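# Residue-level structure breakdown
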Amino acid sequence: MQEYLEDRGALLSVSGPTKTGKTTLLRSVAASGIWLSGGAVASKEEFWRSVGEILYEDSDEAARQSVGNIRRSLLESDRCLVVDDFHYIDQKVQLEIVRSLKDLVFDGLPAIVASVPHRAYDAVRVEKEMTGRVTHLSISPWDDDDLLSIAKKGFAALNLADDNSDLARRLSQESFSSPHLMQQFCKRLCRENGIARAASDPFTLAPPKSWIDFFSQSATDTSKAAFDLLAQGPRRRTDRLQRELADGRTVDIYGAVLEAIANTGPSLSIGYDQLRASLREVLANEVPQRHEVTRVLDQMTKIAKEDIEGEPVVDYDEGLSTLHVSDPYFAFYLRWGQQGQVSPD
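To keep things clear, this report deals only with the structure shown in the data block. In this text, all values refer to a predicted model and were calculated from it rather than measured experimentally.

What follows is about the overall build of the protein. Scanning the protein for helices and strands turns up 16 helices and 12 strands. Projected onto its principal axes, the C-alpha positions of the protein cover 65 × 60 × 35 Å. Within the span of the protein, comprising 345 residues, buried residues form 49% of the whole. Nonlocal contacts in the protein, meaning residues at least 24 apart in sequence, comprise 68% of its contacts between residues at least 6 apart. Of the roughly 17200 Å² of accessible surface on the protein, a fraction of 45% belongs to carbon and sulfur atoms.

Okay, here's the thing in structure tokens:
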């Protein structure tokens, strides 16, 4: 990132899974930059107005500045422009912003956009002339060793033993690469062992009586609220065709798609063919037509963006025919917390 700030001449796209440290990294390098949040940008005009308010600090003075003056001041300031959560911005507005930044970037403005991995190339996709002018920096997901280090350091600090790291490995397997989930699991395991503070004598942790109960009870209410909104669909209708699941329950098409997503693991990126194969496994009868499934995926994406706070829990990329489960907490809830929740009853 330091090399980019020295070289310039291109837009830097920083991507990484949600809640893995992208913003912390950016602030450590570009703390004095012009910071905008994609979630607060609804138009190109609002984008430049926000830049002006930060540059001039006095909102009254900023209001008297033309976009041309703001652009010149931004370039002359030699401050890095950072747009966090760039993927929150509507694609049409993304295009307008990237086009308005293009000449400034070519003239040496350091500009960084941060997004989730599957939206890393939005800047290129919306403006073809940026091809070759976008530098990509990928923040890797936390791997098993990273997640295990949380347990090893924490347990050691509490004077706790985990033989062969067996318990920590089980926790990391269910963390969906999320350090936050791993920390939550470690804390819960300590509490189940009666540990509230550092043990005075070495203490060997025992596994929970039931791993199923342990993980099911760890599912968050926040993710249940998101799940319920997606299962309900754009509006609750009593005339939706009910479909029988292989386990005997009946659901509508929204419930069936959620069951199919969960049945994949869930995987964090699910191609349409994989999802269709999963629908065959979870449904007792015939699979819905492709246009029916993609319509549901589009509606779920809209609900995730407009009706659920924070990172959209799902995001369907029609061009790549791929569904992305963007929130590890939601993925965890699908795996452990949603049994029996898709039924309208």
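The 5 strands are arranged 2-3-4-1-5 in an open sheet whose pairing can be described as parallel. Taken across any chain shown, the strands that pair with only one partner, and hence form the sheet edges, are strand 2 (34-37) and strand 5 (134-138). Across the sheet, the mean angle separating the axes of adjacent strands is 20 degrees when strand polarity is ignored. Of the strand pairs in this sheet, strand 2 and strand 3 (residues 81-84) are connected by 4 bridges, and their pairing is parallel. The residue of strand 3 that forms the bridge with Ile-34 is Leu-81.

Our next topic: the packing of aromatic side chains. Two aromatic rings, taken as a pair, are described by how far apart their centres are and by the angle between their planes. Within this structure, the stated rule accounts for 10 aromatic pairs. Three or more aromatic residues joined by ring pairs form one cluster here, namely Phe-185, Trp-211, Phe-214, Phe-215, Phe-332 and Trp-336. Over the ring of Trp-211 we find Arg-170, and its NZ or CZ is 5.4 Å from the ring centre.

The full count for this structure, using the stated rule, is 10 salt bridges. Residues Asp-247 and Arg-249 are paired through a salt bridge, measuring 2.9 Å at the closest nitrogen-oxygen approach. Assessed through its relative accessible area of 51%, Asp-247 is described here as exposed.

Closest axis-to-axis distance for the helix 10 (residues 179-192)/helix 16 (residues 328-336) pair is 9 Å, and the angle between their directions is 55 degrees. The angle between helix 10 and helix 16 places the two elements in the oblique class. Of helix 16, the residues touching helix 10 (which contributes His-180, Leu-181, Gln-184 and Phe-185) are Pro-328, Tyr-329 and Phe-332. Class assignment for the residues of the contact of helix 10 with helix 16 results in 5 nonpolar, 2 polar and no charged.

Another aspect to go through is a negative patch on the surface. Together, Asp-143, Asp-144, Asp-145 and Asp-146 make up a negatively charged patch on the protein surface. Examined against the element boundaries, Asp-146 turns out to sit in helix 8 (residues 144-157).

About the thresholds
- Residues numbered from 1 in each chain as written.
- Predicted model: local features only at pLDDT ≥ 70, side-chain atom pairs only at ≥ 80, totals over all residues.
- Heavy atoms only, no water.
- Helix = DSSP H or I, 4+ residues; strand = E, 2+ residues; numbered from the N terminus.
- Buried < 20%, exposed > 50% of the residue type's maximum accessible area, 1.4 Å probe, protein only.
- Contact = heavy atoms within 4.5 Å.
- Areas by Shrake-Rupley, 256 points an atom, 1.4 Å probe, with all protein chains shown as cover.
- Pairing = 2+ DSSP bridges.
- Axes fitted to C-alpha atoms, helices over the stretch in contact; angles between N-to-C directions.
- Phe/Tyr/Trp six-rings, centres within 6.5 Å; stacked < 30°, edge-to-face > 60°.
- Lys NZ or Arg CZ within 6 Å of the ring centre and 35° of its normal.
- Salt bridge = Lys/Arg side-chain N within 4 Å of Asp/Glu carboxyl O.
- Parallel < 35°, antiparallel > 145°, perpendicular 65-115°, else oblique.
- Nonpolar A, V, L, I, M, F, W, Y, C, P; charged D, E, K, R; others polar.
- Patch = residues over 30% accessible without salt bridge, like charges linked within 9 Å, V, L, I, M, F, W, Y side chains within 5 Å.
- Lys, Arg positive; Asp, Glu negative; His and termini not counted.
- Charge placed at Lys NZ, Arg CZ, Asp CG, Glu CD.

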